[in-house]
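Notes for the structure review
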Amino acid sequence: MKLAGASGSELIIFIASILIAASVAGVITTEVYFATDSFRESATNIDNQIRGDITIINDPSMIPNDDETMEIYVKNTGASTLPGDPNKTNVLVDGTHKTNIELDIINSDVWNPGDTAQINVPIDPEQHNSGDDIKIMVYVESLQDEITGRLT
């Protein structure tokens, strides 16, 4: 009789250890999946940063404006196509984020490598006048360039 009781408790312990091992394997598999997915997303972002680049091509001594709108010219100097969507472009003028910007790609519908976009940025005439020195920072997705220049 002792033998039957021992094998019954051993069977319960064996089944419990199999269930615990299966649970641990499930948790590890899920964590590996999430880590792999995160790594893949990071690698894609790094690839876009390596392949993409922008350059503000305005003459720093003459940044055109008409007292309400400033024109910034940004060239796609990278190897990948950039979004021509103004919602994916951020502009800071003297550290102030500008909203309601307009982005037009010159002579194209798509912002391909080598193409230039004209970004029209609304400015406050009470804060910025012709002859003022300003710092402009443009961000397109994860790409960034800046220029310090003078309004004309």
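As a starting point, this report considers the structure included with it. (Residues numbered from 1 in each chain as written. Predicted model: local features only at pLDDT ≥ 70, side-chain atom pairs only at ≥ 80, totals over all residues. Heavy atoms only, no water.)

Along the backbone of the protein chain there are one helix and eight strands. Going from N to C terminus, the protein chain has its helices and strands arranged as α-β-β-β-β-β-β-β-β. By the compact-globule yardstick of 15 Å for 152 residues, the protein chain is too spread out, its C-alpha radius of gyration being 29 Å. Each principal axis of the C-alpha atoms in the protein chain carries an extent, and together these give about 100 × 35 × 20 Å. Buried positions account for 28% of the 152 residues belonging to the protein chain. (Helix = DSSP H or I, 4+ residues; strand = E, 2+ residues; numbered from the N terminus. Rg over C-alpha atoms; globule rule 2.2 N^0.38 Å. Buried < 20%, exposed > 50% of the residue type's maximum accessible area, 1.4 Å probe, protein only.)

At Asp94, a position not held by glycine, the phi torsion is positive, near 50°. With respect to the helices and strands, Asp94 occurs in the loop between β3 (89–93) and β4 (96–98). Judged by its relative accessible area of 41%, Asp94 is partly exposed. Despite not being glycine, Asn107 shows a phi value in the positive range, around 60°. Relative to the helices and strands, Asn107 is located in the loop between β5 (102–105) and β6 (116–122). Take Asn107: its relative accessible area is 79%, and that puts it in the exposed class.

For the rest of this paragraph, the subject is the nonpolar core. Core analysis: the largest hydrophobic core is formed by 24 residues, its most contacted members being Met70, Ile72, Val91, Ile119, Ile136 and Val138. Top element by residues in this core is strand β7 (residues 133–140). It accounts for four residues. (Core = buried A, V, L, I, M, F, W, Y, C linked by side-chain atoms within 4.5 Å.)

Our next topic: the pairing of strand β8 (residues 143–150). The alternating pattern of β8 places Leu143, Asp145, Ile147 and Gly149 on a buried face and Gln144, Glu146, Thr148 and Arg150 on a face that is not buried. Where β7 lies against β8, eight bridges are found, and the strand directions are antiparallel. Residue pairing for β8: Val138 is matched across the bridge by Asp145. Hairpin connection between β7 and β8: a loop of two residues separates the two successive antiparallel strands, and Glu141 in this loop has a positive phi of roughly 55°. (Pairing = 2+ DSSP bridges.)

Take the sheet that holds β7 next. Ordered by their spatial adjacency, four strands build an open sheet running β4-β3-β7-β8, and the pairing between neighbours is antiparallel. With partners counted over all chains shown, the strands left at the sheet margins are β4 and β8, one partner each. Sheet twist, expressed as the mean angle between neighbouring strand axes with direction ignored, is 25°. (Axes fitted to C-alpha atoms, helices over the stretch in contact; angles between N-to-C directions.)

Here the focus is the sheet that holds strand β1 (residues 54–56). Spatial strand order, β1-β2-β6-β5: four strands in an open sheet with antiparallel pairing. Each edge of the open sheet carries a strand with a single partner, namely β1 and β5. Sheet twist, expressed as the mean angle between neighbouring strand axes with direction ignored, is 25°. In this structure, β5 lies alongside β6, joined through four bridges in antiparallel fashion. When the sheet's bridge partners are listed, Asp104 is paired in β6 with Gln118.

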